[in-house]
Amino acid sequence: MQYGFGKLILFGEHFVVYGLPGIASSIDLFTRCRLYPNEKGITVNDRLTNKHILVGKGNGDILEQTMQIILKETKLEKKNFRLEIDGNIPIFGGLGSSAALIVSIARELNREFLLNLSDEKINEIAFAAEHVFHASPSGIDNTVSTFGGLVWFEKNLQGGKNKMEHLKMKKPLLVVIGNTKIIHDTAEAVKFVCEQKEKQPKKFEQIFGQAKDLVHEAKKELLAGNEKKVGELLNKNQGLLKQIGVSSTELELLCETALGAGALGAKLTGAGMGGCMFALAKNARQQKKIARELEKEGFESYITKVGV
Ligand code: PMV
């Protein structure tokens, strides 16, 4: 059995698609995949989405397309096996469920068939298959899911290797994830931002400038362990995401509720327009309080750490 971990984008989602830096961390929510023998063909049972497919006989749905890419990359099209997939990442919620799915499958095939794939190759496969879900992914989700930890990421717009640097923090950040439970479509959200950017180039140029400076400042404050400042920057980042139109009433309510419960900062994470947000807590007691307040508003919450 092999795992793929979810992620939280701390700073820079959407802007990373255009080559600006982003900071993201793996989290302890996961997708896992186990391979069993199969008499004939390749079947996949994905309990997270409740999809069961016989590869090659699918109707072109995203799981089928994902498998086709992974099998082509690993040259395992002719094998017979069954994959059982489950996990605890909310799907299509901004926590990197698609990247975690692909990474868990690629790692399980690597283990079973002794493919000796490097992490770089797993990441390459995950990036290729992410196109099924995202149309034009920046690569941040698959990078974090493959390599783990807290990561500084910059997409190479020329198509070469993306920039990835592990950031080491003195102590992890205590966060609470809030889930609107509104499933979002990353490709739609990315397309929406692109259209708005074309319509209002001046406004977006200014916002993009602020986003770039903000992520550089965030890196400095994260490494210095200045949580109060990190919280302020999360709020600023949320303001920019609201300006580009990817926040929502529910996400705003979750952020306000978390801040009302004393959070140092709060913002949406991932593509927005639904999905999840997270808040930074001062300590474990406050973490629980924030989680309680989010649940009182009728949302799901999850307590975790980032930067470990
Ligand atoms: O698919 P999500 O919700 O994890 O969001 C991915 C982050 C974006 O910046 C919106 C898209 C991308 O490919 O980086």
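For the structure, see preceding data.
Every value quoted in this text rests on a predicted model; they were computed, and no experiment measured them.

Scoring rules and cut-offs
- Residues numbered from 1 in each chain as written.
- Predicted model: local features only at pLDDT ≥ 70, side-chain atom pairs only at ≥ 80, totals over all residues.
- Heavy atoms only, no water.
- Helix = DSSP H or I, 4+ residues; strand = E, 2+ residues; numbered from the N terminus.
- Buried < 20%, exposed > 50% of the residue type's maximum accessible area, 1.4 Å probe, protein only.
- Contact = heavy atoms within 4.5 Å.
- Polar contact = N/O pair within 3.5 Å; in protein donor to acceptor, adjacent residues only side chain to side chain.
- Expected span 1.5 Å × (residues − 1).
- 1 Å grid on protein atoms, 1.4 Å probe; cavity = no way out; pocket = protein on both sides within 12 Å on 5 of 7 lines; lining within 4 Å.
- Points joined across faces, edges and corners; volume = space filled by probe spheres on them.
- Nonpolar A, V, L, I, M, F, W, Y, C, P; charged D, E, K, R; others polar.
- Pairing = 2+ DSSP bridges.
- Axes fitted to C-alpha atoms, helices over the stretch in contact; angles between N-to-C directions.
- Near = heavy atom within 4 Å.
- Areas by Shrake-Rupley, 256 points an atom, 1.4 Å probe, with all protein chains shown as cover.

Novice: Is there a simple way to think about the environment of His184 in this case?
Specialist: Here His184 lies in the loop between strand E8 (173-179) and helix H5 (186-199). Taking the relative accessible area as the measure of exposure, His184 reaches 7% and is therefore buried. Expressed as a C-alpha distance, the spacing of His184 and Val103, which sit 81 residues apart in the sequence, is 21 Å. Every residue in contact with His184, bar those within four places of it in the chain, is listed here: Phe92, Gly93, Gly94, Ala271, Gly272, Met273, Gly274 and Gly275. A distance of 3.4 Å separates a polar atom in the side chain of His184 from the backbone nitrogen of Gly94.

Novice: Looking at this model, I keep getting lost on helix H2 (residues 97-112). Mind explaining?
Specialist: Think of an α-helix as turning once every 3.6 residues; residues three or four places apart then point the same way. The end-to-end C-alpha distance of H2 is 23 Å, a good match for the 22 Å that 16 residues give at a rise of 1.5 Å each. Among the 16 residues in H2, 14 count as buried, and that is most of the element. Leu114 sits one or two positions beyond H2 and adopts a positive phi of about 45°.

Novice: Just checking my understanding: could you explain empty space enclosed by the protein for this structure?
Specialist: A water-sized probe rolled over the atoms picks out the places where empty space is left. Summed over the entire model, instances satisfying the criterion amount to one cavity of 30 Å³ or more. Of the pockets and cavities examined, the largest cavity occupies roughly 130 Å³. Lining the largest cavity are 13 residues, and of these Asp46, Thr49, Ile91, Leu101 and Phe133 lie nearest its centre. Ranked by the residues each element gives to the lining of the largest cavity, the list is headed by H2, at three residues. Counted by class, the lining of the largest cavity contains seven nonpolar, four polar and two charged residues.

Novice: Explanation requested: the sheet that holds E8 in the structure shown.
Specialist: Strand pairs in the sheet, formed through backbone hydrogen bonds, run parallel or antiparallel to each other. What the four strands build is an open sheet, ordered E9-E10-E8-E11; its pairing is antiparallel. Unpaired on one side and paired on the other, strand E9 (265-269) and strand E11 (300-306) mark the two borders of the sheet. Mean inter-strand twist for the sheet, computed between neighbouring axes without regard to direction, equals 25°. Lying over the sheet, helix H7 (residues 227-243) contacts E8, E9 and strand E10 (276-281), oriented at roughly 45° with respect to E9.

Novice: I'm lost on the site of the ligand in this one. Help?
Specialist: Looking at the ligand, there are 16 residues lining it, with Lys7, His14, Ser138, Thr186 and Ala271 nearest. Lys7 is positioned such that a nitrogen or oxygen atom in its side chain is 2.5 Å from an oxygen atom of the ligand. Ala271 places a main-chain nitrogen or oxygen 2.9 Å from an oxygen atom of the ligand. Contact with the protein chains covers 97% of the free accessible surface of the ligand, which is 380 Å². Elements with a minimum of two residues in the shell around the ligand: strand E1 (2-11) and helix H4 (140-147).

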